[in-house]
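Here are the chains, one letter per residue:
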Amino acid sequence: HIQDPASQRLTWNKPPKSVLVIKKIRDASLLQPFKELCVYLTEENNMIVYVEKKVLEDPAIANDDNFGPVKKKFCTFSEDYDDISNQIDFIICLGGDGTLLYASSLFQGSVPPVMAFHLGSLGFLTPFNFENFQSQVTQVIEGNAALVLRSRLKVKVVKEHREKMTVQNGIEENGVVSANLEKEVGKQIMQYQVLNEVVVDRGPSSYLSNVDVFLDGHLITTVQGDGVIVSTPTGSTAYAAAAGASMIHPNVPAIMITPICPHSLSFRPIVVPAGVELKIMLSPDARNTAWVSFDGRKRQEICHGDSISITTSCYPLPSICFRDPVSDWFESLAECLHWNVRKKQNNFAVEEE
C-alpha cells in the first residue's frame, strides 16, 4: 500500500505551549508582522515564545516602548550557544526560503513542525500569506493542518589530521567549538543535517574539479567540471534545478546527483534511492583541492584523503501545508518559477457556412 501524500496530517498528543519565531534579519518590512504575531501568540494564546537574541537587538524593536511588555515574556537563545531542541513545540518562520533553511540548521535531531509565512523574495517553501495569520495559526495550534515530511541529508565530513590545520576546520563561525564535532586520533569528524543540498565545487581554483563519487562503496563516476550537487527532493527546485536537474516532489524518497557544468556532454543528472550511502572524495590525481558547503553554510576546504559521506537522515523536517502537499507544490511551481507558462496557441477560426 502506497500512502497518499494528502493523508498526512498534523496531530498533537497534547496542546502546544512553546513556539519558536524566526524572523529574517535586516528587513524592516518584517518588523510590524513580527510584532503582531508575537502579541497574538503571547496575549491571545498564552504561549511561550522563543526568539533569537540578535532579532531583539534591532533598534526598531529595542526602542519600541509599546512592545516592551511583550518582549519581557520572550525566552531568548543564541545560535551555537543554546540548545533549544527539546523545548520547542512548533516553529513559525517570517521571511523567505532562507528562514526555513535556517530553522532546519538549528535542529540537528528531531525537528518540530514548521509554519512558514511568505514574506521574502521567492517563497517556494513558504506557502502561507500573512494577511489572515490569526486564523491560520489557530488552525495549527488546534492540530487542523496537512503536513509534508521534507527529507534531509545526514552528512559526515572526515578530515585527515594535519599539523597546519586551519582554525575554521574545527571552529564554528562565531569561534565556538561545534557541539557535534568529534575527534579521533589523526582524524576530525563533523556532522550536518541538510535540507536542500550539499555542493562540492572547485572553489577559487582555475582547474576543473576532479572528484570521485561512490555509491554504497562502489565507484560510480568521476566528476570533472565545476562540481557536483547532492540534493534532497526539496532542494531539487533550488540549485539543482538551475543546473538542469528535474524537479521532484518532496514526498518522493530520493537523492539527486547533479553535475555543475560537467566537461562531458553525456553527464546527465541522476536520481538514486533514498537510504543509499554516497561518498565523495578528491580523485587521487586531482590537481587541486575542492570546497564543500551545506545549504550554503559552513563552507570548508576538502583535501586529498578527506571524505564526505551522505545518506538520507532519519530526521525529516515536517512542513505545514496551506492546503495539501500536492496543491502547495504545484502552486509554488506556477507562482515562483512560472513553470510551463507560455502564450496559448490560437484555435482555428470557424468558417462561415
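Calculation criteria
Residues numbered from 1 in each chain as written. Predicted model: local features only at pLDDT ≥ 70, side-chain atom pairs only at ≥ 80, totals over all residues. Heavy atoms only, no water. UniProt positions renumbered as here; feature names shortened; annotations may be inferred. Helix = DSSP H or I, 4+ residues; strand = E, 2+ residues; numbered from the N terminus. Rg over C-alpha atoms; globule rule 2.2 N^0.38 Å. Buried < 20%, exposed > 50% of the residue type's maximum accessible area, 1.4 Å probe, protein only. Contact = heavy atoms within 4.5 Å. Areas by Shrake-Rupley, 256 points an atom, 1.4 Å probe, with all protein chains shown as cover. Lys, Arg positive; Asp, Glu negative; His and termini not counted. Charge placed at Lys NZ, Arg CZ, Asp CG, Glu CD. Arc of directions from axis to C-beta. Phe/Tyr/Trp six-rings, centres within 6.5 Å; stacked < 30°, edge-to-face > 60°. Pairing = 2+ DSSP bridges. Salt bridge = Lys/Arg side-chain N within 4 Å of Asp/Glu carboxyl O.

An unreviewed UniProt entry lists the protein chain under the name NAD kinase, with Dasyornis broadbenti as the source organism. Listed in UniProt under the heading Sequence similarities (unreviewed entry), the comment for the protein chain reads: "Belongs to the NAD kinase family." In the Catalytic activity (unreviewed entry) part of its UniProt record, the protein chain is described as follows: "NAD(+) + ATP = ADP + NADP(+) + H(+)".

## Looking at the overall build of the protein chain
Along the backbone of the protein chain there are eight helices and 21 strands. Taking 353 residues into account, the globule formula puts the C-alpha radius of gyration at 20 Å, and the protein chain, at 23 Å, falls close to it. In the protein chain, buried positions account for 49% of the 353 residues. Contacts in the protein chain between residues at least 24 apart in sequence constitute 71% of all its contacts with a sequence separation of at least 6. Surface summary for the protein chain: the accessible area is close to 18,700 Å², and the carbon and sulfur share equals 50%. Here the protein chain holds 32 positive side-chain charges and 41 negative ones, and the gap between their average locations is 4 Å.

## Side note on helix 6 (residues 133–142)
Along helix 6, the positions that sit buried rather than exposed are Phe-133, Gln-136, Val-137, Val-140 and Ile-141. The buried residues of helix 6 occupy an angular sector of 140 degrees when projected down its axis, which confines them to one face. Looking at the packing, one finds that the buried side of helix 6 touches strand 1 (9–10), helix 1 (31–44), strand 5 (90–95), strand 6 (114–118) and strand 21 (317–320). In the segment just after helix 6, Gly-143 is the residue with positive phi, at about 85 degrees.

## Some thoughts on the packing of aromatic side chains
This structure, assessed with the given rule, holds twelve aromatic pairs. Taking 5.4 Å as the distance between ring centres and 75 degrees as the angle between the ring planes, the aromatic pair formed by Phe-117 and Phe-130 counts as edge-to-face. You can see Phe-117 sitting in strand 6 and its partner Phe-130 sitting in the loop between strand 6 and helix 6, a full 13 residues away along the chain. For Phe-117, a relative accessible area of 0% puts it in the buried group.

## Description of the environment of Ser-121
The topology assignment puts Ser-121 in the loop between strand 6 and helix 6. In this structure, the C-alpha to C-alpha distance between Ser-121 and Gly-95, residues 26 residues apart in sequence, is 8.1 Å.

## With respect to the pairing of strand 15 (residues 254–260)
Within strand 15, seven of the seven residues are buried, which leaves the element mostly enclosed by the surrounding structure. In strand 15, alternate side chains face the same way, and those of Ala-254, Met-256, Thr-258 and Ile-260 on one face and Ile-255, Ile-257 and Pro-259 on the other are all buried. Where strand 14 (residues 227–231) and strand 15 come together, five bridges link them in antiparallel fashion. From the neighbouring strand, Val-228 faces strand 15, where its bridge partner is Pro-259. Two strands pair when backbone bridges link them, and strand 15 and strand 16 (residues 270–273) are joined in this way by four bridges, in the antiparallel orientation. Across the sheet, Ile-255 pairs through a bridge with Val-272, a residue of strand 16.

## What about the pattern of salt bridges?
The final tally for this structure, using the stated rule, is seven salt bridges. Between Lys-24 and Asp-27 there is a salt bridge, with its nearest N and O atoms 3.9 Å apart. You can call Lys-24 partly exposed: its relative accessible area is 32%. With relative accessibility at 17%, the residue Asp-27 sits in the buried group. One salt bridge in this structure joins Lys-54 and Glu-52, with 3.9 Å as the shortest N-O distance. On the basis of relative accessible area, Lys-54 is assigned to the partly exposed category, the value being 40%. With relative accessibility at 7%, the residue Glu-52 sits in the buried group.

## Remarks on unusual backbone geometry
Positive phi outside glycine occurs at Asp-216, with the angle close to 50 degrees. Here Asp-216 lies in the loop between strand 12 (209–215) and strand 13 (218–225). With relative accessibility at 46%, the residue Asp-216 sits in the partly exposed group. Positive phi outside glycine occurs at Asp-295, with the angle close to 55 degrees. Within the secondary structure, Asp-295 is located in the loop between strand 18 (290–294) and strand 19 (297–302).

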